[in-house]
Amino acid sequence: MDVESIFNELVKIDEKLVFTDEDVAFLIEHSANEDAENRGFIAELLINVKTEESKDTLLRLTTDESWIVRASAYDSLSVFDDEKVAEYLKERIKKEKRTTAKSYAIMSLGDILKRINRKTKQDISFLKENEEKEKSTGVKLACYYSLYLLGEKEYIHKIIKEMDNRMYTLRCACINTLMEIVDKENKDIIIDALEKRRFTEKVPAVLSGIKELIKKAKMI
């Protein structure tokens, strides 16, 4: 199959609520496709396939030459409740040079550690050390997110502080992060911060995110 035909088949698979065995076999078979867009698409779709073969494929894709493919693979690995995957992500975080991909790896690490209820001093120190030495605000946000998941509740204030970041893309990233962690325990502080920001925010995309998050928080 040529690149376009593979992409069209991936679109069809993406539209399904449940993947068949044939769909999964197709994804695995073409995960080494020459086209980076197809490889990235496959990495995204594999988040819906929690098998050893899918996991092994995603682990391989975390070393892809394309950082977009790596980012998608890191993100999809978040569904595997596996200590070995968590340790692997820590090693990849040390080596990953692209900030967006690194952010996904850090957030997936936090997701996995929370679900397997592993909140060791070593894990928390690892995340804090990465946050302290990191210059990218996006990566710092990912560290704040994961630290919050591991019980370091004070990090919600660092996340909220980014609502005042001069870059609107980072304000959007802040909202997306808060969208992931909002719950009964923190909804009031989040709503309060968003209500204040809403009066000064000028960017439509950020305003839309603020309204959506406030609505979600009030429904909890």
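Above this text sits the structure in question.
Residues numbered from 1 in each chain as written. Predicted model: local features only at pLDDT ≥ 70, side-chain atom pairs only at ≥ 80, totals over all residues. Heavy atoms only, no water.

A.B. asks: Would you take a moment to explain the overall build of the protein for this structure?
C.D. replies: For the protein, the count of helices and strands is 13 helices and zero strands. Taken from N to C terminus, the helices and strands of the protein fall in the order α-α-α-α-α-α-α-α-α-α-α-α-α. Relative to its length of 220 residues, the protein is compact, with a C-alpha radius of gyration of 18 Å against a globular reference of 17 Å. Across its three principal axes, the protein shows a C-alpha extent of roughly 55 × 40 × 30 Å. With the model as given, the accessible surface of the protein reaches about 11,900 Å², and the carbon-plus-sulfur share is 49%. Counting 39 positive and 43 negative side-chain charges, the protein places the centres of these two groups 8 Å from one another. (Helix = DSSP H or I, 4+ residues; strand = E, 2+ residues; numbered from the N terminus. Rg over C-alpha atoms; globule rule 2.2 N^0.38 Å. Areas by Shrake-Rupley, 256 points an atom, 1.4 Å probe, with all protein chains shown as cover. Lys, Arg positive; Asp, Glu negative; His and termini not counted. Charge placed at Lys NZ, Arg CZ, Asp CG, Glu CD.)

A.B. asks: Is there a simple way to think about the packing of aromatic side chains in this case?
C.D. replies: Note on aromatic pairs: each is described by the distance of the centres and the angle between the planes. For the coordinates displayed, the defined rule picks out two aromatic pairs. For the pair phenylalanine 7 and phenylalanine 41, a centre-to-centre distance of 5.7 Å together with 50° between the ring planes defines the contact as tilted. In this pair, phenylalanine 7 sits in helix α1 (residues 3-14) while phenylalanine 41 sits in helix α3 (residues 36-45), placing the two residues 34 residues apart along the sequence. Under the relative-accessibility criterion, phenylalanine 41 is labelled buried at 12%. (Phe/Tyr/Trp six-rings, centres within 6.5 Å; stacked < 30°, edge-to-face > 60°. Buried < 20%, exposed > 50% of the residue type's maximum accessible area, 1.4 Å probe, protein only.)

A.B. asks: Could you clarify how one ought to interpret the environment of arginine 39 in this entry?
C.D. replies: Within the secondary structure layout, arginine 39 lies in helix α3. A relative accessible area of 6% places arginine 39 in the buried class. With sequence-adjacent residues up to four places away left out, arginine 39 is seen in contact with Ser31, Ala32, Asn33, Glu34, Leu61, Asp64, Glu65, Ser66 and Val69. Only 2.8 Å separates the side chain of arginine 39 from the backbone oxygen of asparagine 33, close enough to count as a polar contact. (Contact = heavy atoms within 4.5 Å. Polar contact = N/O pair within 3.5 Å; in protein donor to acceptor, adjacent residues only side chain to side chain.)

A.B. asks: Help me out: how do you make sense of the environment of arginine 115 in this one?
C.D. replies: With respect to the element layout, arginine 115 can be found in helix α7 (residues 99-115). Contact partners of arginine 115, with chain neighbours within four places excluded, come to Ser78, Val79, Phe80 and Asp81. A polar side-chain atom of arginine 115 sits 2.5 Å from a polar atom in the side chain of aspartate 81.

A.B. asks: How should helix α5 (residues 67-76) be read in this particular structure?
C.D. replies: For an α-helix, 3.6 residues make a turn, and residues three or four places apart therefore share a direction. Across the 10 residues that make up α5, a large majority, seven, are buried. Residues of α5 that are buried in the fold lie against α3, α4 (52-61), α6 (83-95) and α7.

A.B. asks: Even after reading the chapter, I still don't get the state of the cysteines, so can you show me in this structure?
C.D. replies: A covalent bond between the sulfur atoms of two cysteines is referred to as a disulfide. Throughout the structure, instances matching the rule amount to zero disulfides. This cysteine, cysteine 143, is not joined by any disulfide, and cysteine 174 carries the nearest cysteine sulfur, 15 Å off. Cysteine 172 takes part in no disulfide bond, and the closest cysteine sulfur to it belongs to cysteine 174, at a distance of 9.6 Å. On the basis of relative accessible area, cysteine 172 is assigned to the buried category, the value being 19%. (Disulfide = S-S within 2.5 Å.)

A.B. asks: Mind showing me how you'd approach unusual backbone geometry here?
C.D. replies: The bulk of non-glycine residues show a negative phi, and the bulk of peptide bonds are trans. Here asparagine 117, not a glycine, exhibits a phi torsion of approximately 55°, which is positive. Turning to its location among the elements, asparagine 117 is positioned in the loop between α7 and α8 (121-133).

A.B. asks: So what exactly am I meant to see when it comes to the packing of helix α11 (residues 168-181) against helix α13 (residues 204-219) here?
C.D. replies: To characterise two packed helices, one gives the angle between the axes of the helices and the distance between these axes. At their nearest, the axes of α11 and α13 sit 9 Å apart, and the two run at 15° to each other. The pairing of α11 with α13 is recorded here as roughly parallel in orientation. In terms of crossing hand, the pair formed by α11 and α13 is left-handed. Mapping the contact onto sequence places Tyr168, Arg171, Cys172, Ile175, Leu178 and Met179 in α11 and Ala205, Val206, Gly209, Ile210, Glu212, Leu213 and Lys216 in α13. The residue inventory of the contact of α11 with α13, partitioned by class, reads nine nonpolar, one polar and three charged. (Axes fitted to C-alpha atoms, helices over the stretch in contact; angles between N-to-C directions. Parallel < 35°, antiparallel > 145°, perpendicular 65-115°, else oblique. Left-handed = near helix turned anticlockwise from the far one by under 90°. Nonpolar A, V, L, I, M, F, W, Y, C, P; charged D, E, K, R; others polar.)

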